[in-house]
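# Coordinate analysis (summary)
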Amino acid sequence: MGYVSIAATVHGRRVLGIIPSIFTEKNLIGKTCGKELKVATMHERLLKMMEFDDAFIALPGFSTLEELFQIVSWAQLNIHQKLIGVLNVNRFFDGLLSFLDYAVKQKFITQSA
């Protein structure tokens, strides 16, 4: 996430890193830029992301799948209408994207979610 936050800042965008305390306690975060908001839990992180984020993009890394599916579920329930993206670095998410295409074809999830 560090490189993404740096690139966004260089291009004049505001960046807010919402960081669970466990990440800082275990030294799991790298260099960030922009503002940081420390939260107690992963669930609180997701709630704050919902409050402050304009869109969501999944990157390979910690807790990505759990957060991605929570955000997709909330979109399907019309809790939000924010854009959701997946940055498929080195084809990391190819299998997941195939599965999601299949889930849409089977009408398990909606195309709009």
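Residues numbered from 1 in each chain as written. Predicted model: local features only at pLDDT ≥ 70, side-chain atom pairs only at ≥ 80, totals over all residues. Heavy atoms only, no water.

## A word on helix α4 (residues 64-76)
Helical geometry note: an α-helix holds 3.6 residues per turn, so side chains three or four residues apart project in the same direction. Just so we agree on the cut-off: Think of it this way: any DSSP run of H or I at least four residues long counts as a helix, any run of E at least two long counts as a strand, and we number them from the N terminus. Under the convention used throughout, the expected extent of a helix is 1.5 Å for every residue step, that is, one less than its residue count. Burial classes follow relative accessibility: with a 1.4 Å probe on protein chains only, a residue under 20% of its type's maximum area counts as buried, one over 50% as exposed, and anything between as partly exposed. As used here, the arc belongs to the directions running from the helix axis to the C-beta atoms. In what follows, residue pairs with any heavy atoms lying within 4.5 Å of each other are defined as contacts.
In a regular helix each residue adds 1.5 Å, so 13 residues correspond to 18 Å; α4 covers 18 Å between its end C-alpha atoms and thus fits that length. Among all positions of α4, only T64, E67, L68, I71, V72, W74 and A75 are buried. Angularly, the buried residues of α4 cover 160° about the axis, an arc narrow enough to put them on a single face. Its buried side turned inward, α4 meets α3 (42-52), β3 (55-58), β4 (83-86) and α5 (94-105). Within two residues after α4, N78 carries a phi angle of roughly 60°, on the positive side.

## Some thoughts on the packing of α3 against α4
Quick reminder of the rule: Axis geometry follows a simple rule: fit a line to the C-alpha atoms, using only the stretch in contact for helices, then measure angles between N-to-C directions, giving values from 0 to 180 degrees. An angle below 35 degrees is treated as roughly parallel, one above 145 as roughly antiparallel, one from 65 to 115 as roughly perpendicular, and anything else as oblique. Here a crossing is called left-handed whenever its near helix is offset anticlockwise from the far helix by less than a right angle, and right-handed whenever the offset is clockwise. Amino acids are sorted into nonpolar (Ala, Val, Leu, Ile, Met, Phe, Trp, Tyr, Cys and Pro), charged (Asp, Glu, Lys and Arg) and polar (every other residue, Gly among them).
Contact geometry for α3 and α4: axes closest at 11 Å, N-to-C directions at 45°. Judged by the inter-axis angle, α3 sits oblique to α4. The two elements α3 and α4 cross, and the hand of that crossing is right-handed. In this structure, α3 contributes M42, R45, L46, L47, M49 and M50 to the contact, and α4 contributes E67, Q70, I71 and W74. Looking at the contact of α3 with α4, its residues break down into seven nonpolar, one polar and two charged.

## Remarks on the pattern of salt bridges
Here is the rule: By definition, a salt bridge exists where a carboxyl oxygen of Asp or Glu is found within 4 Å of a side-chain nitrogen of Lys or Arg.
Evaluated as defined, the whole model comprises four salt bridges. R45 is paired through a salt bridge with E67; the nearest N and O atoms lie 2.6 Å apart. In this pair, R45 sits in helix α3 while E67 sits in helix α4, placing the two residues 22 residues apart along the sequence. Residues R45 and E67 agree in their burial class; the two are buried. The closest approach of N and O atoms between D94 and R91, which form a salt bridge, is 2.7 Å. Residue R91 is classed as exposed on the basis of its relative accessible area of 64%.

## Here we look at the confidence of the model for the chain
Worth spelling out the cut-off: How sure the predictor is of each residue is captured by pLDDT, a score from 0 to 100.
Scored by pLDDT, the chain has a mean of 86; 89% of the residues are at 70 or more. In the model of the chain, helix α2 (residues 21-25) stands out as the element of lowest mean pLDDT, 75, in contrast to α5, which has the highest, 93.

## Thoughts on a nonpolar patch on the surface
Note the following rule: Only residues whose relative accessible area exceeds 30% and that form no salt bridge enter a patch; like-charged residues are grouped when within 9 Å of one another, and nonpolar side chains (Val, Leu, Ile, Met, Phe, Trp, Tyr) when within 5 Å. Residue-level accessible areas treat just the shown protein chains as cover; the underlying method is Shrake-Rupley with a 1.4 Å probe.
Residues V4, I57, L87 and V89 make up a contiguous nonpolar surface patch of about 300 Å² in total accessible area. For L87, the location among the structural elements is in the loop between β4 and α5. Accessibility expressed as a relative area gives 37% for L87, which makes it partly exposed.

## Some points on the environment of F108
Structurally, F108 is set in the segment after α5. Using a relative accessible area of 64% as the deciding quantity, one classes F108 as exposed.

## A closer look at unusual backbone geometry
The bulk of non-glycine residues show a negative phi, and the bulk of peptide bonds are trans. Not every positive phi belongs to a glycine, and N90 is a case in point at roughly 50°. Topologically, N90 is positioned in the loop between β4 and α5. Within the chain, K107 stands out as a residue other than glycine whose phi angle is a positive 65°.

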